[in-house]
Each structure stands twice: as structure tokens, then as C-alpha cells.
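# Residue-level structure breakdown
Here's the letter readout for the chains.
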Amino acid sequence: MIVFILKRLAIAIPTLLVLIVMSFILMKIAPGSPFTGEKNLPRDVLANIYARYGLDKPWWQQLAEYVWNIVAHFDFGPSFKYKDRSVNDIIAQGFPVTLTYGFWAFIVAGVVGIGLGVVAAVKQNSWVDYLAVGITIGAQVVPNFVLAPILVLIFTLWLHWLPGGGWNDGRWNYVVMPVIALSATYLANIARIARSSMLEVLNSNFIRTARAKGLPGYQVILKHALKPALLPVVSYLGPVFVGMITGSVVVDLYFSTGGIGQWFVNSALNRDYSTILGVTILLGALTIAGNLVVDVLYAWIDPKIRY
Amino acid sequence: MLADVRVQSKTAASVASAEPQVGPAAPIKGRSLWRDAGARFVRNKAALVSVIVLFAVVLFTFVGPFFSAWSIEKIDWSIIGMVAQKGGPSIATGHFFGADEVGRDLFSRVIQGTQISLAVGILGSAIAVVVGTLYGAVAGYFGGRLDSAMMRFVDIIYSIPFLFVLILLLIMFGRSFVVLFMGIGLISWLGMARVVRGQTLTLKNREFVEAAIATGVKPLAVVFRHVVPNLLGIVVVYATLLIPEIILLESFISFLGLGIQEPNTSLGALISEGAQTMQYGELWQIGFPLGFFVVILFSFFFAGDGLRDALDPKDR
């Protein structure tokens with residue numbers, strides 16, 4: 001097990017470094033600089049600005065300092081756009097918001113998805129089953145950036161139940177729609193996976209034996225069928241995690257939550273290089289870490305996996 | 001590029017040649033893999049309907065402009081400022097799908113957006129086919145250290161969250177078609193390379209490959225002339241399923257306002273515009289692009305599923 005974790009770390013850490021170095025080099029070789037704008041600044045002023053942001057040093061020294069500051073101090077440097085705040089401030093402001101509804105979306109997708117899938121499999125060809133299959137097919141073609149406007153249309157414009165955007169320190173009615181928009185696709189996919197693997201398990205010999213020895217139906221499901229049926233779901237949690245990180249950009253932007261995704265897109269449109277770079281690296285590190293955790297979790301749960 | 005042309009011509013041929021076979025008076029011919037697959041595909045109603053729908057959509061995007069009264073950039077000044085009341089879909093004004101917020105004809109815009117979304121999907125998928133097939137086939141066939149090095153490289157690139165890198169690329173090198181294609185191509189070949197490598201591993205120990213080696217065919221020629229043609233089935237399936245994913249990816253980026261730029265548009269960009277103006281009651285601005293988007297994605301998914309069932313005899 002420890003060997004397996006070390007092996008995975010041996011891939012994860014270089015990946016992260018590749019991401020940082022690649023993003024940094026992209027920023028360096030991009031035409032123009034963030035300070036060549038509408039006004040042509042005098043040469044001396046420009047030199048001062050460059051010195052202020054450390055851009056006058058050779059590029060490899062900048063790169064080394066950038067990586068070192070992140071690894072050693074978790075410091076992403078100053079924002080090129082907002083003079084009064086650093087990239088760290090921006091992350092500290094936006095990240096908790098995204099984390100809050102992201103956490104709930106993950107829980108909702110997991111719990112409701114598994115529940116729906118299991119019930120659909122146990123009561124195959126009932127209305128629950130048809131509902132689950134219907135949701136699954138629908139979710140394939142309705143990605144979050146389509147679902148979000150539809151939700152706003154129904155719940156804000158027609159029914160006036162929920163506010164169409166904003167955050168308001170995370171009051172429940174502001175959180176509901178971001179959570180639904182972010183979790184729907186994954187809820188549907190989890191339900192589909194849970195349903196098909198549950199069906200497979202229910203047809204296997206050990207379930208027949210459990211029924212034959214006279215166990216009540218719910219005990220067969222909960223004690224014998226559930227655990228093996230959930231293995232494929234666990235292996236899908238990695239893509240769910242990654243997809244939710246990406247999806248949060250849309251949700252942040254559309255619902256104006258002030259989350260990290262909104263900062264990402266705004267800084268992208270403002271060419272605020274240091275903020276884009278910082279957020280990219282942060283979200284990239286999260287993605288890589290999430291994949292790592294899920295892989296380890298899977299190897300821990302499934303005794304058949306031996307590395 | 002050669003492999004790519006062959007993929008397209010072969011699929012087209014197999015779909016077309018399958019049709020006469022359905023008729024009762026078809027002459028008896030030898031049954032090739034592609035002919036069999038074509039017959040199976042035609043029997044799959046959902047897949048067949050999807051392909052017909054896709055052809056209809058493509059045909060519509062080429063024929064539609066002849067019927068539209070307004071060009072893409074012409075502004076209808078008579079309805080500006082009153083789009084919500086006067087800009088709805090109507091035959092009288094010539095705006096069959098209504099007008100957008102600045103008075104442009106949505107019918108023309110949807111046609112343009114559909115064309116661009118389809119082009120992005122198909123070209124992106126084509127890049128993936130060429131690069132992924134060659135990379136995967138070479139890695140799988142030669143094996144050993146070359147294989148581990150090449151696939152480890154894919155592993156590392158694969159675990160980078162590429163959407164963000166793509167956005168970085170778009171910002172830093174301008175939001176142009178070229179950057180978008182290159183960026184999408186950069187991501188999309190990875191999965192293809194893995195699939196192809198796995199398939200190559202099972203192919204390379206077959207007798208026909210051995211026979212080719214025994215008759216003195218050079219290694220690279222074995223890969224391109226004997227291994228790659230036998231991979232086409234799985235490549236076609238994977239490429240078809242890749243197209244809707246790339247369309248989704250492009251729409252996602254366009255929704256964020258970072259993709260296709262005006263005056264060009266894509267379905268994602270149109271959906272994004274429609275989502276902003278929906279609150280004024282101009283529902284047609286989101287409805288029509290969304291309808292096309294959903295229909296296209298559905299069709300590609302079903303067609304891809306049908307192709308998989310037709311070409312992959314294991315699963316039947």
C-alpha cells in the first residue's frame with residue numbers, strides 16, 4: 001500500500017511541476033507584456049515597474065523564484081492588475097465560496113446518485129427506474145452551462161422562489177441553484193453506474209444464496225449487495241472531482257458568486273497574468289491531488305487491486 | 001493525414017454500400033468486415049435516425065442561407081430597442097428564429113454557429129485521429145522502453161487539467177481559430193493514443209503481422225500498412241464519440257466568453273448570449289441555439305453507440 005502511494009506520488013509531483021513550468025513558460029513567450037497597454041509608458045517608468053514585479057531578472061531566475069515561493073511559502077506573488085492585493089488575497093477571498101457549494105454538490109451527487117441508482121436497480125422497470133434512466137439520458141446532453149440558465153429561468157424568473165445570483169455569505173437560498181447546476185451531470189452519471197453495477201451484483205450467486213437462506217430483502221441489499229456494487233462508483237469519483245472543479249468556473253461566472261472561477265475568467269479577460277497563473281496552478285494542484293486521493297481510496301477499498 | 005482520409009472514405013463507403021444490401025434482390029457478394037458492420041448499423045434504428053438527423057442538420061446549414069432574408073451582420077434597425085416585443089420569430093419580418101439583442105437575424109446566426117461548432121468538433125476529432133493513431137500504434141508496436149517512455153509522457157500530460165491550460169493559451173496567443181484548434185487537438189489525441197496502443201498490443205502477435213515480418217517488410221511499414229488499417233474500426237468509433245465531447249468543450253469555453261470571437265459565433269456563444277437576455281422574455285434567443293445543440297449532441301452520441309455495436313463484435 002505504501003509503495004503504491006509512493007508510486008502515485010512519483011507521478012503526481014512531476015505532473016504538478018510540469019504544469020507550473022509550462023504555464024510559466026507560456027506566460028513568458030506570450031507576445032506583449034501585461035504593462036504594454038493603451039498608453040505608451042516612458043522607458044524609465046517601465047523599467048521601474050519591471051523591477052517592482054521582478055521582471056528584470058533573467059527568466060530562469062524568475063521561474064526558480066516563482067516555484068520556490070509557491071512551494072516554500074505558498075505565495076503566488078502580487079496581482080499585475082490590482083495594485084493593492086496579491087494573488088493570495090484573491091484566492092483567500094474566492095476559494096471558500098467555491099469550496100462551500102462544491103462540497104455540497106459533491107455530497108448531493110454522491111448520496112442522491114447512489115440512492116437513485118440502487119433503488120432503480122432493486123425495483124427494475126418501475127417508475128423510479130424509468131426516472132433514473134430518463135435523468136441519465138437527459139444529463140448527457142444538458143451540461144452545466146445549459147442547466148444553469150434553465151434553472152434561473154424556472155426558479156427565479158417564473159416561480160420567484162430563489163435569487164438568480166450572488167452569494168450573500170452563503171445563505172441557503174443562494175446556494176441551492178449552484179449546487180444543483182454543478183451536481184446534476186454527475187448525479188446522473190453516478191446513478192447510471194450504480195444502477196448497472198447493482199443489477200449485475202443482484203444477479204450473482206452470492207446474492208441468490210443470501211436470499212435462499214431467508215434474509216429479508218433490505219438486508220440482502222444493504223449488507224451484501226451494496227458494497228461490491230459501489231466499487232465502480234468509487235472509481236468514477238476521480239472524474240467527478242475534476243469535472244466539478246472545471247464546472248465551478250461556469251457556476252461562479254453565471255451565478256456571480258464571487259468564487260474563484262469568476263476571478264479566473266475576469267483575470268483572463270483582463271490579461272492579469274499572475275492571477276491566471278496562480279489560479280491555474282491552484283486548481284491544477286487540486287485536480288491532481290483529488291485524483292491521487294481517489295486512486296488510493298480505490299486501492300484501499302478493492303482488495304482485488306494489487307500493485 | 002493519409003490514415004485520416006482513409007478513415008473517412010471507408011466509413012462513408014461502408015455506410016453507403018450497406019444500403020443496397022437491405023433490398024431483397026441484392027446480388028450475393030463476399031462479406032467484408034465493413035459490409036457486415038454497415039448492415040448491423042442500418043438495423044440499429046436509433047443510430048440510423050441519428051445519422052439522418054445529422055445529415056439533415058448539415059444540409060440545413062448549407063441550404064438555409066438561401067432562404068434567409070437577413071445576412072449575419074446586417075442589423076434590423078426597425079426593431080432595435082424593442083427586440084422583446086418585435087424581435088420574436090416570425091415569417092413576416094424574415095426573422096424565422098427571431099432576432100438577437102442587437103437586431104441581428106438569429107436564423108443566420110444559428111446556421112453560422114452550427115457550422116462552426118460542427119467544424120470545430122470534426123476537425124478537432126480529425127487531429128486526434130491522426131496524431132493519436134500514429135502515436136499509439138508506434139508505442140504499442142515497438143513496445144519496450146520506447147513504449148513506457150511514450151505512455152508515461154501521455155500519463156503526465158493526461159493528468160494536467162488541460163482546460164485551464166487551453167484557456168491560458170487562448171488568452172496569451174489571442175482568441176483565434178488556430179489557437180483553439182491547436183489547443184483542442186493538443187488535448188484530444190491523448191485518449192485516442194491510449195485506446196490505439198491497447199488495440200495494437202493485441203494485434204501485433206497475430207499471424208498476419210508475423211507473416212509480414214517474415215516476408216521482410218520493414219517495421220514502420222508493418223505498422224502503417226498492416227497494423228493501422230486493422231485499427232480503423234475502433235478509431236472510427238472513438239472519433240465519432242469524440243466529436244460531441246469536443247463540441248461540448250468548445251461551447252464551454254465560448255460560454256465563458258473565451259472562445260470564438262465576434263463576428264464569428266458558435267452554439268456555445270449563442271447559448272451564452274441567450275442566457276443573458278432570457279430575463280427580458282426573449283426566450284427564442286436561447287431556445288433555438290439550445291435546440292440545435294441538444295439535437296446534434298444526441299445524434300452524435302447515438303450514432304457513436306450504433307457504430308460501436310456494429311464494429312465491435314465482442315459486445316453483442
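Here the residue index of a chain counts from 1 through its sequence in written order. Here the convention is simple: chains get letters from A, ligands get numbers from 1, in the order in which they are written. Where local features are concerned, this predicted model is filtered to residues with pLDDT of at least 70; where side-chain atom pairs are given and counted, the filter is 80 or more; whole-chain, interface and lining totals use all residues.

### A short note on the overall build of chain A
In plain terms, the rule: Think of it this way: any DSSP run of H or I at least four residues long counts as a helix, any run of E at least two long counts as a strand, and we number them from the N terminus. Here a residue counts as buried when 20 or more other C-beta atoms fall within 10 Å of its C-beta, as exposed when 12 or fewer do, and as partly exposed in between; the C-beta atoms come from the backbone.
Each helix and strand in chain A was counted, giving 11 helices and 0 strands. For chain A, the C-alpha atoms occupy an extent of roughly 85 × 55 × 30 Å along the three principal directions. By the burial criterion, 35% of the 307 residues in chain A qualify as buried.

### Side note on the overall build of chain B
Check the secondary structure of chain B and you find 12 helices and 0 strands. Taken from N to C terminus, the helices and strands of chain B fall in the order α-α-α-α-α-α-α-α-α-α-α-α. By residue count, 44% of the 316 residues in chain B fall in the buried class.

### Digging into the interface of chain A and chain B
We apply this condition: Contact criterion: two residues are in contact if their C-beta atoms, reconstructed from the backbone, are within 7 Å. Throughout, the ten residues Ala, Val, Leu, Ile, Met, Phe, Trp, Tyr, Cys and Pro are labelled nonpolar, Asp, Glu, Lys and Arg are labelled charged, and all others, Gly among them, are labelled polar.
Listed as interface residues are 34 residues of chain A and, on the opposing side, 30 residues of chain B. Elements with a minimum of two residues in the side of chain A that touches chain B: helix 1 (2-29), helix 5 (127-141), helix 6 (144-158), helix 9 (217-255), helix 10 (260-269) and helix 11 (273-301) of chain A. Considered class by class, the residues forming the side of chain A that touches chain B number 25 nonpolar, 8 polar and 1 charged.

### A word on helix 8 (residues 177-203) of chain B
Quick reminder of the rule: A helix is expected to span 1.5 Å for every residue after the first. Here the bend at each residue means the angle between axes fitted to two seven-residue stretches, the one ending at that residue and the one beginning there.
Its 27 residues place the ends of helix 8 of chain B 37 Å apart at the C-alpha level, agreeing with the 39 Å of an ideal helix rising 1.5 Å per residue. Within helix 8 of chain B, the axis deviates most sharply at Trp189 of chain B, by approximately 25°.

### Let's talk about the environment of Gly268 of chain B
With respect to the helices, strands and loops of the structure, Gly268 of chain B is situated in helix 11 (residues 267-277). Taking C-alpha positions, Gly268 of chain B is 19 Å from Ile187 of chain B, a pair spaced 81 residues apart along the chain.

### Some details on the environment of Val179 of chain B
Residues and elements named next belong to chain B. In this structure, Val179 sits in helix 8. On the neighbour-count criterion, Val179 (16 C-beta atoms within 10 Å) is partly exposed. The sequence separation of Val179 and Leu166 amounts to 13 residues, and the corresponding C-alpha distance is 8.8 Å.

### Let's talk about helix 10 (residues 219-255) of chain B
For helix 10 of chain B, built from 37 residues, the straight-helix expectation of 54 Å at 1.5 Å per residue is missed by more than 12%, its first-to-last C-alpha distance being only 46 Å. Of all the bends found along helix 10 of chain B, the most pronounced is centred on Leu232 of chain B and spans about 45°.

### Here we look at the nonpolar core
For clarity, the cut-off: The term nonpolar core means buried Ala, Val, Leu, Ile, Met, Phe, Trp, Tyr and Cys residues held together as one set by C-beta atoms within 7 Å.
Counting residues in each nonpolar core, the largest one holds 149 residues, and the members touching the most others are Ala148, Ala181, Ile190, Ala194 and Val250 of chain A together with Ile167 and Ile271 of chain B. Per-element accounting of this core gives the leading share, 19 residues, to helix 10 of chain B.

### Remarks on unusual backbone geometry
Residues and elements named next belong to chain A. In this structure, Asn125 takes a positive phi of about 65° despite not being glycine. Structurally, the position occupied by Asn125 is in the loop between helix 4 (87-122) and helix 5. A positive phi is found at His160, a non-glycine position, where the angle reads about 55°. Following the sequence through the fold, His160 ends up in the loop between helix 6 and helix 7 (172-202).

### Let's talk about the packing of helix 4 of chain A against helix 11 of chain A
Residues and elements named next belong to chain A. As a reminder of what qualifies: Note on geometry: axes are C-alpha line fits, over the in-contact stretch for helices, and angles between N-to-C directions span 0 to 180 degrees. Angular relationships are summarised with four words: roughly parallel below 35 degrees, roughly antiparallel beyond 145, roughly perpendicular across 65 to 115, and oblique for the angles in between. Handedness of each helix crossing follows the sense of rotation of the near helix against the far helix: counterclockwise by less than a right angle gives left-handed, clockwise gives right-handed.
Between helix 4 and helix 11, the least distance of the axes is 10 Å, while the angle of their chain directions is 50°. By the criterion of interaxial angle, the relationship of helix 4 to helix 11 is oblique. Once helix 4 is placed against helix 11, the crossing between them reads as right-handed. Residues Val87, Ile90 and Ile91 of helix 4 lie in contact with helix 11, whose contacting residues are Ser274, Thr275, Gly278 and Leu282. Residues of the contact of helix 4 with helix 11, tallied by class, amount to 4 nonpolar, 3 polar and no charged.

### Here's the deal with the packing of helix 5 (residues 106-142) of chain B against helix 11 of chain B
Residues and elements named next belong to chain B. Where helix 5 contacts helix 11, the two axes come as close as 7 Å, and the packing angle between them is 135°. What the angle tells us is that helix 5 and helix 11 run oblique. Listed contacts from helix 11 to Arg109, Val110, Gly113, Thr114 and Ser117 of helix 5 are Leu267, Ala269 and Leu270. The class makeup of the residues in the contact of helix 5 with helix 11 is 4 nonpolar, 3 polar and 1 charged.

### Brief notes about the confidence of the model for chain B
Atom-level detail of predicted coordinates should not be read off regions where pLDDT is low. All names here are of chain B. Selection rule: Each residue carries a pLDDT value, the predictor's own confidence for that position, ranging from 0 to 100.
Scored by pLDDT, chain B comes out at a mean of 79, with 86% of its residues at no less than 70. Every residue in residues 1-22 scores below 50 in pLDDT, and together they form 32 contacts with partners more than four places removed in sequence or on other chains. Across the predicted assembly, pTM comes out at 0.78 and ipTM at 0.74.

### With respect to the environment of Trp158 of chain A
Residues and elements named next belong to chain A. Examined against the element boundaries, Trp158 turns out to sit in helix 6. Take Trp158: there are 9 C-beta atoms within 10 Å of it, and that puts it in the exposed class. Measuring from C-alpha to C-alpha, the distance between Trp158 and Met1 comes to 54 Å, with 157 residues separating the pair along the chain.

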